[in-house]
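Take a look at the letters that make up each chain.
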Amino acid sequence: MKYIWILLAFFLLLSGCSSSANTNAILEVQTYTLEEVSLHNSSESCYTAIDGKVYDLTTWIAIHPGGDAAILSLCGIDGSEKFNEKHGNSGSAKYELSLFYIGELAP
Ligand code: HEM
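Residues numbered from 1 in each chain as written. Predicted model: local features only at pLDDT ≥ 70, side-chain atom pairs only at ≥ 80, totals over all residues. Heavy atoms only, no water.

Draft legend 1. Focus on the site of the ligand. Around the ligand, the surrounding shell holds 17 residues, and the nearest of these are His64, Lys86, His87, Ser90 and Ser92. Within the contact set of the ligand, an oxygen atom lies 2.9 Å away from a side-chain nitrogen or oxygen of Ser90. Sorting the residues of the shell around the ligand by element identifies helix H3 (68-72), helix H4 (80-87) and helix H5 (91-98) as the ones contributing at least two each. Top element by residues in the shell around the ligand is H4. It accounts for 4 residues. Classifying every residue of the shell around the ligand gives 10 nonpolar, 5 polar and 2 charged. (Near = heavy atom within 4 Å. Polar contact = N/O pair within 3.5 Å; in protein donor to acceptor, adjacent residues only side chain to side chain. Helix = DSSP H or I, 4+ residues; strand = E, 2+ residues; numbered from the N terminus. Nonpolar A, V, L, I, M, F, W, Y, C, P; charged D, E, K, R; others polar.)

Quick look at the structure:
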């Protein structure tokens with residue numbers, strides 16, 4: 001009889017493990033269309049898309065070492081070309097950019 005309790009405890013333990021694994025698997029990534037990005041086209045709210053990813057650069061406008069105009073020129077658009085032209089080979093700019101990631105650009 002006591003083996004039944006041991007078996008039951010074992011199955012309970014197993015089912016607990018699998019449900020927590022599932023919870024981890026359903027973290028979803030936010031996606032934005034270019035149209036949604038285009039609504040955030042000012043210093044009040046500045047989103048840009050770079051290489052298929054979307055960034056909220058609002059707080060970066062005032063502190064960008066290259067000046068605010070460079071960042072304002074990216075607000076609301078796909079800024080891949082401008083960003084890569086200037087910073088395509090800059091690890092620090094790419095790292096800084098990653099801090100503002102908010103989601104993926106919808107295909
Ligand atoms: C997402 C947008 C951007 C991020 C996260 C970013 C980040 C940075 C960082 C970290 C620096 C300091 C040092 C370095 O060069 O690595 C910098 C400097 C600079 N950035 Fe940007 N940048 C962005 C966009 C742009 C754009 C579009 C332009 C111009 C078209 C630009 C022009 C400059 C200039 C002129 C400097 C001053 C130092 C230099 O001449 O390299 N940046 N930026």
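Draft legend 2. A look at the sheet that holds strand E4 (residues 101-105). With mixed pairing, the 4 strands of this open sheet are ordered in space as E1-E4-E3-E2. Sheet topology places strand E1 (31-32) and strand E2 (47-50) at the edges, where each strand pairs with a single neighbour. (Pairing = 2+ DSSP bridges.)

Draft legend 3. Summary view of the pattern of salt bridges. For the structure on display, the rule yields 1 salt bridge. Here Lys53 and Glu104 are joined by a salt bridge, their closest N and O atoms 3.0 Å apart. Residue Lys53 is found in strand E3 (residues 53-56), and its partner Glu104 is found in strand E4; the two are separated by 51 residues along the sequence. Under the relative-accessibility criterion, Lys53 is labelled partly exposed at 32%. (Salt bridge = Lys/Arg side-chain N within 4 Å of Asp/Glu carboxyl O. Buried < 20%, exposed > 50% of the residue type's maximum accessible area, 1.4 Å probe, protein only.)

Draft legend 4. The pairing of E3, seen in detail. Direction of pairing for E2 relative to E3: antiparallel, over a ladder of 4 bridges. By the bridge assignment for E3, Ile50 is matched with Lys53. Connecting the antiparallel pair E2 and E3 is a turn made up of 2 residues, with Asp51 showing a positive phi of about 50 degrees. Taken together, the 3 bridges between E3 and E4 define a ladder with antiparallel strand orientation. Opposite Val54, over in E4, you have Gly103 as the bridge partner.

Draft legend 5. The side chain of Ser90, seen in detail. Within the fold, Ser90 resides in the loop between H4 and H5. According to the relative accessible area criterion, Ser90 is buried, its value standing at 19%. Within polar-contact distance, the side chain of Ser90 engages the backbone nitrogen of Ala93 at 3.1 Å.

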